[in-house]
Amino acid sequence: MYTLPHQLEFLSDPWLDEARSFLTREVAARRDELAGPFSLSERFTDAPPHLGLPDDVAAWSLAYDGASVTAKRGFDAAADVVVEGDYQAALTSAQRVGITVAGAAEAMWREVVQQFGKDALRIRGQLDDRHANTVLALLHNHMGRRTVENPDLLHRATRQGLLGNIVEMEEQGYTVLERAISPEFADELRDATLRALSEQGVTSLRWMLYQGRPFELLAQHPQLMTLIDASLGRGAVIASLSAIRKGPGPGTIPLHTDYAHVPPPYPEWAMTGVGVWALEDWTVASGPTWMVPGSHRRRRPPRPAEDVDDGVPIEMPKGSVVFFTEALWHWQGDRTEPGERVTLHWHFNRGILRSLEPKKVDGQLLHRNSPRLGEMLGEDDWFDKMAGIGRDHVRFAHMQQLHAFTAKQKARILGATET
Ligand SMILES: [Fe+2]
């Protein structure tokens, strides 16, 4: 297992044990409310090989007989509710905490469909007893805040359809995930961003993680996280999550790299990566970011007044994200059309580096999110911590193991596609 002691891998034996113990407790407390027996069974294909499941199929069933509850391995096609589909799609849904909020389950479903397609997960049946539905929703939240991302980068990227993006990122220094979020979520984020900027009376703002739930969810976007893992290794931390609104006129950020204070030659591995979210369609006229493909291989910043003629505008539809890394040369384009460009800049650093924003970690923030949010706030590594015996050896060993597995699988991704 690739987890800290308080975390779980989706549908591993410890995950099942925790689900059983939660259900036993909740059902006992609600026995008088529950209308009667209910059951649920799930079966997901293409589980990561390191879990060692037969045929890489992860299946489990829970049943309440009116007195006690069982939760065990195995599929029951006759259960009241049956969920089937792809393991990685199910894991993405399983990491979403907070589905007891009105509309949250539907929003979760919408984003999973956006990333994996409408057939990736299929549900049959339903429970009419609202108390039984409450138990299942609470189970989802309880497990979601403990369930880690699939640690197998090769397997995860394959199931997310990102192998080509990782290769492109290595070669060009950037890659685009088109329509990585739904148009509805993009609109919600745009409205919330403009509100935050207006409330503050500014045109750019950091600490967007602390501006509301939509930003917490976007911070953990699973496909962007896979590019970050492939570029910066596991344990990458938030450097800054910022927002910018930009009206018509010339770009105000000239050609530069994001390696402030780093002396050249730059290392041959990435220290920083930035995902820029387009909350409207990006065209040349809207003043997109321009990038110089392959400029990360120059291993230096542009010289004063140095001109480039090989920059390209990043054109992409609303809800897309461009991720660029390894000190790629880039600048903000001129906006020649009316209206505003509203962007979110998701800047991450390799875990060994300091951040631009001070981190604010509170227990409630961690409680309403998956472990991924804690990882990017430095909760899972050994930096800035002191255990009674000195170093936090548990976190050191955990991150070392994740780094090794990630590096091995990234080499396989690049090796397999070079042939
Ligand atoms: Fe930049």
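With respect to the overall build of the protein chain
- Tallying secondary structure elements over the protein chain gives 12 helices and 16 strands in all.
- In terms of overall size, the protein chain behaves like a compact globule, its C-alpha atoms giving a radius of gyration of 22 Å where 419 residues would be expected to give roughly 22 Å.
- Every one of the 419 residues in the protein chain was classed for burial, and the buried ones make up 54%.
- Put simply, 80% of the contacts in the protein chain that link residues at least 6 apart link residues at least 24 apart.
- Split by element, the accessible area of the protein chain, about 18,300 Å² in all, is 52% carbon and sulfur.
- Averaging the positions of the 45 positive and the 56 negative side-chain charges in the protein chain gives two centres separated by 3 Å.

A few points about the coordination of the iron ion
- Coordination of the iron ion by the protein is provided by His256 (NE2), Asp258 (OD) and His330 (NE2), with metal-donor distances spanning 2.1 to 2.2 Å.
- Each donor residue of the iron ion belongs to the same chain, and together they define the spacing H-x1-D-x71-H.
- A residue is classified by how much of its surface remains accessible, and His256, at 23% relative accessible area, is partly exposed.

Quick word on the sheet that holds strand β13 (residues 312-313)
- With antiparallel pairing, 3 strands are arranged side by side in an open sheet as β13-β12-β15. This sheet does not close on itself; its edge strands, each paired only once, are β13 and β15 (330-332).
- Two elements, strand β12 (residues 289-291) and β15, share 3 bridges in a ladder whose sense is antiparallel. Pairing of Met291 across the sheet is with His330, part of β15.

Notes on the environment of Ala411
- Locating Ala411 in the fold gives a position in helix α12 (residues 393-418).
- Assessed through its relative accessible area of 48%, Ala411 is described here as partly exposed.
- Put simply, Ala411 and Asn133 are 278 residues apart on the chain and 44 Å apart in space, counted from C-alpha to C-alpha.

Description of the sheet that holds strand β6 (residues 121-124)
- Strands sit in the order β4-β3-β2-β5-β6 across an open sheet of 5 strands; the sheet is mixed. Each having just a single partner strand, β4 (69-73) and β6 make up the two edges of the open sheet. Going from strand to strand, the sheet's axes swing by 10° on average, the running direction of each strand aside.
- Judged from the 7 bridges that link them, strand β2 (residues 38-45) and strand β3 (residues 58-64) form a sheet pairing that is antiparallel. Note that in β3 the partner of Phe44 across the bridge is Ala58.
- Relative to β4, helix α1 (residues 13-29) is tilted by about 170°, and along the sheet it contacts β3 and β4.

Section: the side chain of Ser231
- Residue position: Ser231 is located in helix α9 (residues 222-232).
- Among residues more than four places away in sequence, those in contact with Ser231 are Met169, Ala270, Phe323, Thr325 and Arg350.

Remarks on the pattern of salt bridges
- Under the criterion given, the structure shown has 28 salt bridges.
- Where Asp310 meets Arg298, a salt bridge forms, and the shortest distance between an N and an O atom there is 3.2 Å. Remark: Arg298 occurs in the loop between β12 and β13 and Asp310 occurs in the loop between β12 and β13; sequence separation between them is 12 residues.
- Its relative accessible area of 33% is what places Asp310 among the partly exposed residues.
- Residues participating in the shared-partner salt-bridge network are Arg156, Asp229, Arg234, Arg372 and Glu375.

Observations concerning α1
- Taking 1.5 Å of rise per residue, the 17 residues of α1 would be expected to cover 24 Å, and the 25 Å separating its terminal C-alpha atoms lies within 8% of that figure.
- If you check which residues of α1 are buried, you get Trp15, Leu16, Ala19, Phe22, Leu23, Glu26 and Val27. Considered in projection along α1, the buried side chains sweep an arc of 130° and stay on one side of the axis.
- The inward-facing, buried residues of α1 contact β1 (8-9), β3, β4, α4 (130-144) and β7 (147-148).

Focus on the environment of Arg213
- Mapped onto the elements, Arg213 comes out in helix α8 (residues 213-219).
- Residue Arg213 is classed as partly exposed on the basis of its relative accessible area, which comes to 26%.
- Sequence separation between Arg213 and Arg368 is 155 residues, and the spatial gap between their C-alpha atoms is 9.4 Å.
- Those residues in contact with Arg213 that lie beyond four places of it in its chain are Val97, Arg368 and Asn369.

What to know about the packing of aromatic side chains
- Evaluation of the coordinates by the stated rule reveals 11 aromatic pairs.
- Each ring, one from Trp290 and one from Trp331, has its centre 5.5 Å from the other, and the planes form 20°; the classification is stacked. In this pair, Trp290 sits in strand β12 while Trp331 sits in strand β15, placing the two residues 41 residues apart along the sequence.
- Ring pairing ties together the aromatic residues Phe10, Trp15, Phe44, Trp60 and Tyr87, which thus form one cluster.
- The cationic tip of Lys360 hangs over the ring face of Trp207; the distance from NZ or CZ to the ring centre is 4.0 Å.
- Note that Lys360 overlies the ring of Tyr210, its terminal NZ or CZ placed 4.5 Å from the centroid.

Topic: helix α2 (residues 87-94)
- Most of α2 is tucked away: 8 of the 8 residues are buried.
- Taken together, the buried positions of α2 are occupied by Tyr87, Gln88, Ala89, Ala90, Leu91, Thr92, Ser93 and Ala94.
- Where α2 begins, the side chain of Asp86 points an oxygen toward the backbone nitrogen of Gln88, at a separation of 3.1 Å.

Let's talk about the packing of helix α5 (residues 153-160) against α9
- One way to put it is that α5 packs onto α9 with a least axis distance of 11 Å and a crossing angle of 140°. As the angle between them shows, α5 and α9 are arranged oblique. Read as a crossing pair, α5 and α9 show a hand that is left-handed. Of α9, the residues touching α5 (which contributes Leu153, Arg156, Ala157 and Gln160) are Pro222, Gln223, Met225, Thr226, Asp229 and Ala230.
- Class assignment of the residues belonging to the contact of α5 with α9 gives a composition of 5 nonpolar, 3 polar and 2 charged.

Rules used in this analysis
Residues numbered from 1 in each chain as written. Predicted model: local features only at pLDDT ≥ 70, side-chain atom pairs only at ≥ 80, totals over all residues. Heavy atoms only, no water. Helix = DSSP H or I, 4+ residues; strand = E, 2+ residues; numbered from the N terminus. Rg over C-alpha atoms; globule rule 2.2 N^0.38 Å. Buried < 20%, exposed > 50% of the residue type's maximum accessible area, 1.4 Å probe, protein only. Contact = heavy atoms within 4.5 Å. Areas by Shrake-Rupley, 256 points an atom, 1.4 Å probe, with all protein chains shown as cover. Lys, Arg positive; Asp, Glu negative; His and termini not counted. Charge placed at Lys NZ, Arg CZ, Asp CG, Glu CD. Donors = N, O, S within 2.8 Å, 3.2 Å for Na, K, Ca; no water. Pairing = 2+ DSSP bridges. Axes fitted to C-alpha atoms, helices over the stretch in contact; angles between N-to-C directions. Salt bridge = Lys/Arg side-chain N within 4 Å of Asp/Glu carboxyl O. Expected span 1.5 Å × (residues − 1). Arc of directions from axis to C-beta. Phe/Tyr/Trp six-rings, centres within 6.5 Å; stacked < 30°, edge-to-face > 60°. Lys NZ or Arg CZ within 6 Å of the ring centre and 35° of its normal. Polar contact = N/O pair within 3.5 Å; in protein donor to acceptor, adjacent residues only side chain to side chain. Parallel < 35°, antiparallel > 145°, perpendicular 65-115°, else oblique. Left-handed = near helix turned anticlockwise from the far one by under 90°. Nonpolar A, V, L, I, M, F, W, Y, C, P; charged D, E, K, R; others polar.

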